[in-house]
Amino acid sequence: MSTKKPYDPFESFKSYSGILEKQINDFIFLWSNNNEFVKMANTGTEANSRYLEAYRKNQEALAGVLNIPTRNDLANIASLTIQTEEKIESLEEQIWGLQDSLKSQSKEIETVVEVSKEIIKLTKQLKTELVKTKKELADSKNLQSELQEIRFELNKLNNLKDEVEILKGHVEKDNPKELVLTGADSTK
């Protein structure tokens, strides 16, 4: 067997690209280490930024005339869309909370209605009991008045009895003899 490696084209490409990268890095380092190059690059970037700013303003002016949205308009729309979505989500959460509270309140209302039905039922029972009690009270007043009349009559009878006893006592004083009843059958 041979100890040689097979030919790999990517290996040679990798070694050449490593060498080229090192040379480019050294070249850039030499240029960036030079003050004149840095000043010239700074001046160039400032000029380029002014040119880009003027170009951007011209694009916005042209887009405004042609009624075409610009990058800033799209960014504003995107931020407004995100804000709108966040507000919708918070509103959804509030609606869910309201639905939950409405469900709990409807359950409480149902219990209050049940209690109210019980109270109405008890009130009706109390009303019928009150009518019965009023009727019984009227009956008892009638009975009481009748009892008063009976007592009055009893008092009269007792007074009459006392008078009869007094008259009987007087009659016995005046007539001590026994009274004999005579009639059709009597032999005397």
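Calculation criteria
- Residues numbered from 1 in each chain as written.
- Predicted model: local features only at pLDDT ≥ 70, side-chain atom pairs only at ≥ 80, totals over all residues.
- Heavy atoms only, no water.
- Helix = DSSP H or I, 4+ residues; strand = E, 2+ residues; numbered from the N terminus.
- Rg over C-alpha atoms; globule rule 2.2 N^0.38 Å.
- Buried < 20%, exposed > 50% of the residue type's maximum accessible area, 1.4 Å probe, protein only.
- Areas by Shrake-Rupley, 256 points an atom, 1.4 Å probe, with all protein chains shown as cover.
- Lys, Arg positive; Asp, Glu negative; His and termini not counted.
- Charge placed at Lys NZ, Arg CZ, Asp CG, Glu CD.
- Expected span 1.5 Å × (residues − 1).
- Polar contact = N/O pair within 3.5 Å; in protein donor to acceptor, adjacent residues only side chain to side chain.
- Salt bridge = Lys/Arg side-chain N within 4 Å of Asp/Glu carboxyl O.
- Patch = residues over 30% accessible without salt bridge, like charges linked within 9 Å, V, L, I, M, F, W, Y side chains within 5 Å.
- 1 Å grid on protein atoms, 1.4 Å probe; cavity = no way out; pocket = protein on both sides within 12 Å on 5 of 7 lines; lining within 4 Å.
- Points joined across faces, edges and corners; volume = space filled by probe spheres on them.
- Nonpolar A, V, L, I, M, F, W, Y, C, P; charged D, E, K, R; others polar.

(A) Geometry of the overall build of the chain. Broken down by element type, the chain carries three helices and zero strands. If you list the helices and strands of the chain from N to C, you get α-α-α. For 188 residues, the compact-globule formula gives about 16 Å, and the C-alpha radius of gyration of the chain, at 64 Å, lies well above that figure. Within the chain, the proportion of its 188 residues that are buried is 1%. If you sum the accessible surface of the chain, you get close to 18,500 Å²; carbon and sulfur atoms cover 60% of it. Within the chain, one finds 27 positive and 32 negative side-chain charges whose respective centroids are separated by 0 Å.

(B) Spotlight on helix α2 (residues 35–66). With 32 residues, α2 extends 46 Å between its outermost C-alpha atoms, agreeing within 8% with the 46 Å of an ideal straight helix rising 1.5 Å per residue. At the N-terminal end of α2, a side-chain oxygen is found 3.2 Å from the backbone nitrogen of E36, two or three residues along, and the residue is N34. At the C-terminal side of α2, N67 shows a positive phi close to 60°.

(C) Structural view of the pattern of salt bridges. Throughout the structure, instances matching the rule amount to three salt bridges. Between R56 and E53 there is a salt bridge, with the nearest N and O atoms lying 2.1 Å from each other. Here R56 and its partner E53 are both found in helix α2, three residues apart, which amounts to about one turn of the helix. R56 sits in the partly exposed class, given a relative accessible area of 33%. Taking relative accessible area as the criterion, E53 reaches 33% and is therefore assigned partly exposed. We note a salt bridge from E60 to R56, for which the minimum N-O separation is 2.7 Å. Here the residue E60 and the residue R56 both occupy positions in helix α2, the gap between them amounting to four residues, near one helical turn. When salt bridges with common partners are traced through the structure, they connect E53, R56 and E60 into a single cluster.

(D) Looking closely at a nonpolar patch on the surface. Taken together, the side chains of L20, I24, F27, I28, F29, L30 and W31 define a hydrophobic patch exposed on the protein surface, amounting to about 750 Å² of accessible area. Mapped onto the secondary structure, W31 falls in helix α1 (residues 9–32). With relative accessibility at 44%, the residue W31 sits in the partly exposed group.

(E) Local environment of the layout of surface pockets. Here the largest pocket is characterised by a volume of approximately 170 Å³. Together, L52, Y55, R56, Q59, E60, T70, R71 and N72 line the largest pocket. Listed by contribution, the elements that provide at least two residues to the lining of the largest pocket are α2 and α3 (71–174). Looking at the lining of the largest pocket, the element that brings in the most residues is α2, giving five residues. The residue makeup of the lining of the largest pocket, split by class, is two nonpolar, three polar and three charged.

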